[in-house]
Amino acid sequence: MYYYIVNPAAGGAKIDKIQDRLKARLSDLGIMGEFVKTTGPDDVAKLTRMGIEKGYKTIVAVGGDGTINEVMNELIDNPKVVLGIIPTGTTNDLADALGIRGWFSAASILASRKVEEIDLGRVGERYFVTSATMGFDAEFAKDKRLSKGNAFEKIRYATKLLSRSAAHRPVRASLKFDNDYEVDAEIFSIVVSNSKFFPLKFIKTEPNDNLLDTVVITKIPGYKMLQYGYLSDLSSVDLPKISVFHSREIEIVTKKPKNIAIDGQISTKTPIKITMTDKKLKVIVSRKRKF
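Keep in mind the model is a prediction, meaning the values are calculated, not measured. (Residues numbered from 1 in each chain as written. Predicted model: local features only at pLDDT ≥ 70, side-chain atom pairs only at ≥ 80, totals over all residues. Heavy atoms only, no water.)

Undergrad: A description of the overall build of the protein chain should follow, citing residues and the corresponding values.
TA: Helices and strands together make up the secondary structure of the protein chain, namely eight helices and 16 strands. Looking at the protein chain as a whole, 52% of its 291 residues qualify as buried. Residue pairs in contact within the protein chain that sit at least 24 positions apart in sequence constitute 71% of those at least 6 positions apart. (Helix = DSSP H or I, 4+ residues; strand = E, 2+ residues; numbered from the N terminus. Buried < 20%, exposed > 50% of the residue type's maximum accessible area, 1.4 Å probe, protein only. Contact = heavy atoms within 4.5 Å.)

If you want it as structure tokens, here you go:
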């Protein structure tokens, strides 16, 4: 049996609208199990530990990026436990990166049970699958969901994107890579990513090199911001403004603390050290997802 941890507040209480259909779907697929719901900010971690203690080998996060990341961080030292995902959050970028889109198809993916081991990065004491960001990408993380919504939400997103980019100011930051190479610059945005899930198409990376790929953006012309905000191909952007570094570790220091988003959720602040770890996480992914 599977152990389902449900965040009832995710996605504006989306689970309330789909719960009966979701359970019926899981029952039809033969993967029903125990359902538990969070009621407070620390419940995800507590419920995950309870599931591990009960002996469950598959723990499913039912929620958004924040819920998934919290469950994941409790499974790091439990290699026999597999993470499953049913995305119901406001932002589901982590699920999207794993080829899991929508609760209905997520149920089928759970049933087909294709398990992959994925590398993990770490920010301070927290682990991540996709990326850690600072600057524009971090500050705009909570609005990214609008870019994947209906026509009205996409218009709202484009409007916010243009106005936010006009108001955003670069941050002076000191970057140190592998305790060796240092960069000091005015930075518009930083994306530190596991290359298997790198969101910028124009960057050529090696997904199995066990390195972090860091994109440092010092400036983007205003007329290119809409393209950047939708993570499109930036090959035509003024590339001298964009630098790419490959390393096992990066340390970011700013004069004043700045937000750091982990897997799309603002989770900590600078100064911070980001590392590529030797830790692995077993996750049920889409059969169409190629690593």
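After that view of the structure, there is still more to cover.
Undergrad: Quick rundown of helix α3 (residues 65-75)? Include the residues and the values.
TA: Note on helix geometry: an α-helix contains 3.6 residues per turn, so any two residues three or four positions apart are oriented the same way. In terms of burial, α3 is a largely internal element, eight of the 11 residues being buried. Within the span of α3, buried status applies to Asp65, Thr67, Ile68, Asn69, Val71, Met72, Asn73 and Leu75.

Undergrad: Pulling in residues and values, what's your account of the packing of aromatic side chains?
TA: Using the criterion set out here, one finds seven aromatic pairs in the structure. Taking 6.2 Å as the distance between ring centres and 40° as the angle between the ring planes, the aromatic pair formed by Tyr2 and Tyr4 counts as tilted. Considering the side-chain rings of Tyr181 and Phe245, the 6.0 Å spacing of their centres and the 35° angle between planes classify their relative orientation as tilted. Of this pair, Tyr181 sits in strand β9 (residues 181-187) while Phe245 is found in strand β12 (residues 242-247), placing the two residues 64 residues apart along the sequence. (Phe/Tyr/Trp six-rings, centres within 6.5 Å; stacked < 30°, edge-to-face > 60°.)

Undergrad: So what's going on with the environment of Phe136? Which residues, and what values?
TA: In this fold, Phe136 is placed in helix α6 (residues 136-139). For the pair Phe136 and Pro170, spaced 34 residues apart in sequence, the C-alpha separation works out to 8.5 Å.

Undergrad: Just give me the short version of the nonpolar core, but keep the residues and values in it.
TA: Where a protein is soluble and globular, its nonpolar side chains tend to be buried together. By size, the foremost hydrophobic cluster in this structure holds 45 residues, and its most contacted members are Tyr4, Leu83, Ile85 and Ile86. Those residues within four positions of Leu83 in sequence are excluded, and the remaining contacts are Ile59, Ala61, Ile68, Val71, Met72, Leu75, Leu281, Lys282, Val283 and Ile284. (Core = buried A, V, L, I, M, F, W, Y, C linked by side-chain atoms within 4.5 Å.)

Undergrad: Give a detailed account of the packing of helix α1 (residues 10-28) against helix α5 (residues 103-112), specifying residues and quantitative values.
TA: Running from N to C, α1 and α5 point in directions that differ by 35°, and their axes come no closer than 10 Å. Judged by the twist between their axes, the crossing of α1 over α5 is right-handed. Between α1, through Lys14, Ile18, Arg21, Leu22, Arg25 and Leu26, and α5, the contact on the second element is made entirely by Trp103, Phe104, Ala107 and Ser108. Among the residues forming the contact of α1 with α5, the class breakdown is six nonpolar, one polar and three charged. (Axes fitted to C-alpha atoms, helices over the stretch in contact; angles between N-to-C directions. Left-handed = near helix turned anticlockwise from the far one by under 90°. Nonpolar A, V, L, I, M, F, W, Y, C, P; charged D, E, K, R; others polar.)

Undergrad: Mind laying out unusual backbone geometry, listing which residues take part and the relevant values?
TA: Cis geometry is found at the peptide bond from Thr270 to Pro271, where omega equals 0°. Mapped onto the fold, Pro271 is located in the loop between β15 (265-269) and β16 (272-285). Backbone geometry at Arg113 places phi at a positive 50°, although glycine is not the residue there. For Arg113, a relative accessible area of 33% translates into the label partly exposed. Here Asp178, not a glycine, exhibits a phi torsion of approximately 50°, which is positive. Note on placement: Asp178 falls in the loop between β8 (171-177) and β9.

Undergrad: Outline the sheet that holds strand β11 (residues 212-217), listing residues and values.
TA: Strand order in this open sheet of six strands is β12-β11-β10-β7-β14-β15, and the pairing throughout is antiparallel. Strand pairing shows two members of the sheet lacking a second neighbour, β12 and β15, which therefore form its edges. Each strand axis lies, on average, 20° off the axis of its neighbour in the sheet, ignoring direction. (Pairing = 2+ DSSP bridges.)

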